[in-house]
Amino acid sequence: MNVSISCPAVASTMASMCGGHPSVGWYKDVWDAWCVPKHSIICWLIKQEAINIREKLFRLQISDNNQCVLCKNGIETHEHLFSRCKYSEQIKEQLESWLQIQIDPQCIGLSLQQLRVCRMTLAAFWYCVWIERNACRMDNCLKCPQRVVQEIRRLVYARIRVKTAGAVKMQDRIRLQKLDLIV
Ligand SMILES: [Zn+2]
């Protein structure tokens, strides 16, 4: 429930009771309404470095191995898994080639529609990498990057169909058509 408190004294008291919440620059990138909610939750955990990656489990002596299961060529940190891992890099490169934009919501010059597509694609990308990492770790099976890209494209198409099911402004429709995301 979103309650607006107009009295400054009450607002100040509420803030001191609830504790301060630092604002973060990535809030809108993670919680954009166009992102699939379960993707947003994984993104939110990744941004806070709160998922149980191997480096953390190794440090806590819960795991005896801290190597990345996807590329087997690096320590599985948050940064490695979602930014530097060769497996993830291949997926990201193919997605950027498809969309013709960098998958970075902080990029300057994106239109609102490009920004929303960028956010939802990044969220789907991280979610799918995490799913693949878990499948690889548990079942020792790993899809090729091309198959993961196909899955992300399907997720993005499906989400855009849902979000544009109502009236879409002609200008927005033309921009999405340019990205080949709606017909
Ligand atoms: Zn890796």
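Residues numbered from 1 in each chain as written. Predicted model: local features only at pLDDT ≥ 70, side-chain atom pairs only at ≥ 80, totals over all residues.

Draft legend 1. Highlighting the nonpolar core. Core analysis: the largest hydrophobic core is formed by 33 residues, its most contacted members being Ala 123, Ala 124, Phe 125, Trp 126 and Ile 152. Counting only elements with at least two residues in this core, the list comes to helix 3 (37-47), helix 5 (78-84), helix 6 (86-99), helix 7 (112-139) and helix 8 (145-163). Counting residues per element, this core draws most heavily on helix 7, at 11 residues. Sequence-distant contacts of Ala 123, that is, excluding residues within four places in its chain, are made with Cys 35, Val 36, His 39, Ser 40 and Cys 43. (Core = buried A, V, L, I, M, F, W, Y, C linked by C-beta atoms within 7 Å. Buried ≥ 20, exposed ≤ 12 C-beta atoms within 10 Å, placed from the backbone. Helix = DSSP H or I, 4+ residues; strand = E, 2+ residues; numbered from the N terminus. Contact = placed C-beta atoms within 7 Å.)

Draft legend 2. Representation of helix 3 in the model. For helix 3, the full list of buried residues reads His 39, Ser 40, Ile 42, Cys 43 and Ile 46. Taken end-on, helix 3 shows its buried residues confined to a sector of 165°, consistent with a single buried face. What points out from helix 3, more than 90 degrees from its buried face, is the exposed set Pro 37 and Lys 38. In this structure, the buried side of helix 3 is in contact with helix 2 (27-31), helix 5 and helix 7. At the exit of helix 3 stands Glu 49, carrying a positive phi of roughly 50°. (Arc of directions from axis to C-beta.)

Draft legend 3. Region of interest: unusual backbone geometry. Despite not being glycine, Glu 49 has its phi angle at roughly 50°, a positive value. For Glu 49, the position within the fold is in the loop between helix 3 and helix 4 (54-59). The exposure class of Glu 49 is exposed, given the 12 C-beta atoms found within 10 Å. The residue Lys 72 is not glycine, and still its phi comes out positive at about 55°. Secondary-structure assignment places Lys 72 in the loop between helix 4 and helix 5.

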